[in-house]
Amino acid sequence: MRHLQSLFFTVFFGAAFYLSAQSSSSWQQHVDYTMDVQMDVKTYQYTGTQKLVYTNNSPDELTRVYYHLYYNAFQPGSEMDIRLQNIKDPDKRMMEDGKSRIASLTESEIGYLHAKSLTQDNQPVSFFEEGTILVVDLAKPIPAGGKSTLEMTFEGQVPLQIRRAGRNSSEDVALSMSQWYPKLSEYDFEGWHPNPYIAREFHGVWGDFDVKITLDKDYTVGGTGYLQNPQEIGHGYEATGTKIKTKGKTLTWHFKAPNVHDFMWAADPEYIHDIYEMENGPTLHFFYKDNPEFNENWKNLQPKTAAAMTFFNNNIGEYPYDQYSVIQGGDGGMEYAMSTLITGEREFGSLVGVMVHELAHSWFQHVLATNESKHEWMDEGFTSFISSLCMNQIMEQNKQNPFEGSYRGYYALVNSGLEMPQSTHADRYTTNFAYGISAYSKGAIFLSQLGYVIGQDKLMETIKKYFNDFKFKHPVPNDIKRTAEKVSGMELNWYLTDWTQTTNAIDYGIKSVEADGNKTKVTMERIGEMPMPLDILVVGKDGTQETYYVPLRMMYGEKDNPYPNLKRTVLEDWPWAYPTYEFTLDMSLDNVQAIMIDPSQLMADVEGENNIYQVEE
Ligand SMILES: [Zn+2]
């Protein structure tokens, strides 16, 4: 029985591992959207037409397609509503007096999005809704390499703002239009991803968007694409000195956005619209409500956005669009293609912080575009990592460890007992707390700690190479690991598997320090399951400082000396299975002042106390 069972597990987990070890594929589906939308700003209802040319670059014949109808989540009884009522720590923005805000929405306040008609290459097709997903059985299969044109009419209602999108935000922005159109689900090397909209995270198909939006002419619109008719529109888009003459009550805004996987827009009759031209970079647009208390912050935000753009261009890779817009709207901060929606009534540091984070997502969520439902840590975590570095520079924070907050969060999660492996689907975490820390903090530490393992220079080289090799490819965890391996020459499978697929923790300690003649014998122990290489700092009573480096055997490599001003001794490898490890200091015990594991504190050792041996004065 025992033997059979272990055989079963070998086969079962062997197969699971094989899947997760695949790399992102060399093909991508392609969508071209042409949409024409009429918005009634009084009822918050809109109608639209959508022509979608779908190119099937996969090796598979497709007989069915799925669309996301996100706004259907904002209805009493939706999966989002029910989840909100059942999760232990619901998102406070979505609750009022301890109850789900979705549950109390009236007919005129709910969100909805429905297809009214749908054809494939002019033939009607059958379709039905399953909550936030539209299931479409095609009239004829789309062969591998084939193209098909799907034409839809749709109607929607913008929900009261509950989460991310909606009408009349808490800061009184009229329309935050994200996830507003019928959006084709992604089909990639893993198949379809028709995730119901329960809480979070998106995955999309790249393509070209041509969007016309007609609404009341008093509203200023900002969002994803390049405005095609600025001279008809005005609202700050026109060439200086132009006089705009408008006829009728509405304006039709025409946007184009090439090579994006989402299209967001926001509109308000009271937006201030500023344009900031970067010297060597995209044009930056800012949209914010006229509020004397915060206007100065929004002005000062503009050069900081340019500085952040330059920082990311230099440290990750070139931003591939000519425009980026920072727009007041939404319910916190959320990234969209070529733009972000952030709340704006903030202290300056917080305003810069949220902008930096959302802007950084342009690289990780929009250009690399990892499937965030499955690998949320590669999006939120990497974004948090690079944002912390950026804030440290552009806000002159000069923190020694800019990721300190991430480590604190991670240790709190480990101590809470609520941790789940990072490979958990974003919607399936038992608590929002565990999701948040796992995605953002533990995800950021994946990189900061990788820098400890392979060296900081190699880490920054890895990030650039990763971006360059996998942009517009939806990379998967193995891709960042392979990139780090190629850059460092080390084997890193252990790092990826333990950190991201288990909750194994790191705990190394100094077990004993003993005199050995006129030398000193140090015994280390590995208490946690997760392996790591060790940097050890030794301080003598005479003030000398030197380091010892214990490579992990299964890395089959060594990093460069991270402390080039100190003498470093590279010791024998530590094979992981051995619980203890001994080495000798060329120093008498009398002269040892302190011994410390990982002085950088970038190794996420969950028990810090046993990392230090110190002689009391
Ligand atoms: Zn984020």
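Heads up: the structure comes first, above all this text.
Residues numbered from 1 in each chain as written. Predicted model: local features only at pLDDT ≥ 70, side-chain atom pairs only at ≥ 80, totals over all residues. Heavy atoms only, no water.

Caption draft 1: Seen up close, the overall build of the protein. Within the protein one finds 11 helices and 33 strands. Along the three orthogonal principal directions, the C-alpha set of the protein runs to about 95 × 65 × 50 Å. When the 617 residues of the protein are sorted by exposure, 56% land in the buried category. For the protein, restricting intrachain contacts to residue pairs at least 6 apart in sequence, the fraction spanning at least 24 positions comes to 70%. (Helix = DSSP H or I, 4+ residues; strand = E, 2+ residues; numbered from the N terminus. Buried < 20%, exposed > 50% of the residue type's maximum accessible area, 1.4 Å probe, protein only. Contact = heavy atoms within 4.5 Å.)

Caption draft 2: Structural context of the coordination of the zinc ion. Within the protein, the zinc ion binds to His357 (NE2), His361 (NE2) and Glu380 (OE); these donor distances fall in the range 2.0 to 2.1 Å. Read in sequence order, the donor residues coordinating the zinc ion give the pattern H-x3-H-x18-E. Here glutamate 380 lies in helix H6 (residues 376-394) and histidine 357 lies in helix H5 (residues 348-368), a separation of 23 residues in the sequence. Note on histidine 357: relative accessible area 13%, which makes it buried. (Donors = N, O, S within 2.8 Å, 3.2 Å for Na, K, Ca; no water.)

Caption draft 3: Inspection of the pairing of strand S29 (residues 545-550) at higher detail. Of all six residues in S29, five are buried; the element is thus mostly enclosed. In terms of strand pairing, strand S28 (residues 534-540) meets S29 through six bridges, oriented antiparallel. Within S29, the residue paired with leucine 537 across the bridge is threonine 547. Hairpin connection of S28 to S29: four residues between the antiparallel strands, including glycine 543 at a positive phi of 90°. Two strands pair when backbone bridges link them, and S29 and strand S30 (residues 567-570) are joined in this way by four bridges, in the parallel orientation. Considered in S30, the bridge of glutamate 546 is made with lysine 567. (Pairing = 2+ DSSP bridges.)

Caption draft 4: Spotlight on the packing of helix H4 (residues 295-315) against H6. Remark: H4 packs on H6, axes separated minimally by 10 Å, with the N-to-C direction vectors making an angle of 125°. Relative to H6, the element H4 lies oblique. Crossing of H4 against H6: the hand is right-handed. Counted together, Lys304, Ala307, Ala308, Phe311, Phe312 and Asn315 of H4 and Ile386, Leu389, Cys390, Gln393 and Ile394 of H6 form the full contact between these two elements. (Axes fitted to C-alpha atoms, helices over the stretch in contact; angles between N-to-C directions. Parallel < 35°, antiparallel > 145°, perpendicular 65-115°, else oblique. Left-handed = near helix turned anticlockwise from the far one by under 90°.)

Caption draft 5: The sheet that holds strand S3 (residues 62-68), seen in detail. The strand order across the open sheet built from four strands is S8-S9-S3-S13, with neighbouring strands paired in antiparallel fashion. Every other strand in the sheet has two partners, leaving strand S8 (126-130) and strand S13 (183-184) as the edge strands with one partner each. Bridge analysis of S3 against S13 gives two bridges, and the strand direction is antiparallel. Looking at S13, one finds that tyrosine 67 is bridged to leucine 184.

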